[in-house]
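Structural characterization, general
Residues per chain are reported as follows:
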Amino acid sequence: MDQFGAGTVTVRRDGEVAIVVIDNPPVNAGSHAVRRGLLDAFAAVREMSGIEGVVLAGAGGTFVAGSDLKEFGAPLGEPQLPSVIAAIEELPVPVVAALDGAALGGGFELSLGCDGRVAAPGTMVGLPEVSLGIVPGAGGTQRLPRLAGLPESLKLICSARRLPAEEALKLGLIDEIAGDDLRGAAGRLARRLGGKRRVRDRAVPPSDPDAVAAAKREALKTGKHRPAALEAARLVELSATTSVAGALIEERRVFQDIRLSAEAVALRHIFFAEREAGRVSGLAAKPRDIRRIAVIGAGTMGVGIAYALLRAGCDVALVELNPEALARGRERIAGLVSDDAAKGRIGEAAVAGMMGRLSASSDLDAASTADLVIEAVFEDMGVKAKLLCDLDRIVPPQTILASNTSYLDLDSLAGASGRPDRVVGLHFFSPAHVMKLLEVVRGAATSDETLATGLALGRKLKKTAIVAGVGEGFVGNRLYAAYRGQAEMLVEDGALPWQVDAALEAFGMAMGPFAVSDLSGLDIAWARRKRLAATRDPAERYVRLPDMLCEAGRLGRKTGAGWYRYDGGERRPDPDVERLILDEAAAAGRTRRPVPDAECRDRPLAALVNEAALALDEGIAQRPGDIDVAFVNGYGFPRWFGGPLWWAAHEGRSAVLAALPQVKAAAGAGFRRGKVEALLTDIAG
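Residues numbered from 1 in each chain as written. Predicted model: local features only at pLDDT ≥ 70, side-chain atom pairs only at ≥ 80, totals over all residues. Heavy atoms only, no water.

Comments concerning the packing of helix α4 (residues 140-148) against helix α5 (residues 150-159)
One can describe the packing of α4 onto α5 by two numbers: an axis separation of 7 Å at closest approach and a directional angle of 135 degrees. Considering their axes alone, α4 and α5 lie oblique with respect to each other. The handedness of the crossing between α4 and α5 comes out as right-handed. Where α4 abuts α5, its residues G140, T141, L144, P145 and A148 lie against L150, E152, S153, L156 and I157. Within the contact of α4 with α5, the residues separate by chemical class into six nonpolar, three polar and one charged. (Axes fitted to C-alpha atoms, helices over the stretch in contact; angles between N-to-C directions. Helix = DSSP H or I, 4+ residues; strand = E, 2+ residues; numbered from the N terminus. Parallel < 35°, antiparallel > 145°, perpendicular 65-115°, else oblique. Left-handed = near helix turned anticlockwise from the far one by under 90°. Contact = heavy atoms within 4.5 Å. Nonpolar A, V, L, I, M, F, W, Y, C, P; charged D, E, K, R; others polar.)

Description of the side chain of T62
Inspection of the secondary structure assignment puts T62 in the loop between β4 (53-58) and α2 (81-90). Those residues within four positions of T62 in sequence are excluded, and the remaining contacts are V27, N28, D100, G101 and A102.

Things to note about the sheet that holds strand β17 (residues 437-441)
Strand order in the open sheet formed by eight strands is β13-β12-β11-β14-β15-β16-β17-β18, with mixed pairing between adjacent strands. Across the chains shown, the open sheet's two edge strands, defined by having one partner strand only, are β13 (358-361) and β18 (464-468). Pairs of neighbouring strands in the sheet enclose a mean axial angle of 25 degrees, with direction left out of account. Looking at chain direction, strand β11 (residues 292-296) and strand β12 (residues 315-319) are connected through five bridges and run parallel. Counted as the bridge partner of R292 is D315 from β12. This element, helix α16 (residues 410-417), spans β15 (400-403), β16 (423-428) and β17 of the sheet and lies at about 130 degrees to β16. (Pairing = 2+ DSSP bridges.)

Some words on the sheet that holds strand β9 (residues 162-164)
Judged by pairing direction, the sheet is mixed, and its three strands sit side by side in the order β6-β8-β9 without closing on themselves. With one partner strand each, in any of the chains shown, β6 (102-104) and β9 form the two edges of the open sheet. Mean inter-strand twist for the sheet, computed between neighbouring axes without regard to direction, equals 25 degrees. Relative to strand β8 (residues 124-126), β6 runs parallel, the two being bridged by three bridges. What sits directly across from A103, in β8, is V125.

By themselves, these figures tell us nothing about what the structure is for.
Below, the structure written as structure tokens:
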């Protein structure tokens, strides 16, 4: 077998089939070197005599996981991907892509330029470009409709959905799923084809106009009507009305323009920030092997954590001292398993496996064989400290104790445990089996091995983890408290809760702060305020309205009323709350004023950014990107802005700096101004 080339792309001959292999670890990103290597490889194939077909494959268990996004901020070097695909289509013999691991974005477009596609079981394919604020730029919007039709193509491209090979086969996106010999199967298909079968030469299958319109509405809703989704939908529809050559030119023009847009740049920032999150400079320790995990507490958080662990393949002991609460918790876990099975997310074998790995006990000794214990009991220092002290006597010395506390001093808890080096914070966000964000809190005595183990568990659970230092509320809740506090001051000053929520939801927040409070329960923040009351500066501005709602039994959605009233689950402004606000202002002798919507938006955001600057200076947060990651993944900040700090540095600087004096005036005593200008300048570069 002759072999040509070296480095990122090689060519070897196997009888009458040429095998072209991309080798650009770790994920075979379609970099400039790969594109250049592919053109050279196809030129070499042309010189081979007696070749009946070509197999295009990736090394290392991955085809091509996408383009090299680091190239997208500058002019793209030649050859660009359309030229590579043109070279494939111009070869006189069929080319079959052997898909393994992932074929995403430009990688999947590369395969669509081939004459056939064979995939290994479980391979993920898709065109996720819209999630990065761009459109497929190498024929994806034109070739996919020729295989799957307009309705499915609109849904797949505008939703940026990745789908397994088994589903792709049903949609006609691939030709077959191989057994053990992927490249052999691809070679056999190339020989069977007997000639070229270019996707671009096919007609787009006819579709019912109503079905296309419905698919487009659904697709744009999923894509949140962002510019990339709108352009992608237009380009997909173009495939049925315009020549393929003309449509490909238009697709490339849109791609080149949109990849340099502010939104695309922001989305690339958050993409890379999520991959950087959880990395700690100088952390070289290896994580411990964690097989059995005990979760203490069978409430909402404990159940969610336990289910996330079961889904990740862990053996879980659920411990709850109250037998009735334990039974309810186990029942809720079984319900979550059943729901996932009913939705087709897991099969019967997975259901049996998960329930088989779950044990439930009302005896704390059930945690005695655990490698890691996660406490998810009531948010009270005394309760949690006693539990950790008791666990220290029960579990082996090497067992790691993790606290799910969202506010409490982890160092105090670690001190009570008797093993402070083996204590770490694992702050999950509710619902724990759904929310992607995980704060891994490093205490003063947390060992490197313990920290590394916490981060490794986050990866196993497919969470996006950031590392936080010890401080009230750590990173996310500390910053959110500043944001929410300013919103509450706005209501005292003259706004109404629904006005503030509307202003921030119009900005792009998934929910306004008052709707969020109602959803999570007003009693959670109330308990924190009561805990901090003894140390609060009497001169500090304190908004009593949330306490008054709690005292009236208005705890949010779970009681049918909080800041809003809930009729049939739908939130509605409540005249009773408006009267309470006005009566409280009158009793306090406070003059209310009309508050512009812009102020309702800018003051909370400026307070958030200011608190972020303080948290970074104090070392509570590692890097600005971690704060962006936390708020995009845990607090509903619009992803297309790249996170609060990226937005403030690039689009919101003037609004933030103009609002900060208002924030200071509203907060009064105790307000601290962070180094906001310097931070935003540094981020903007």
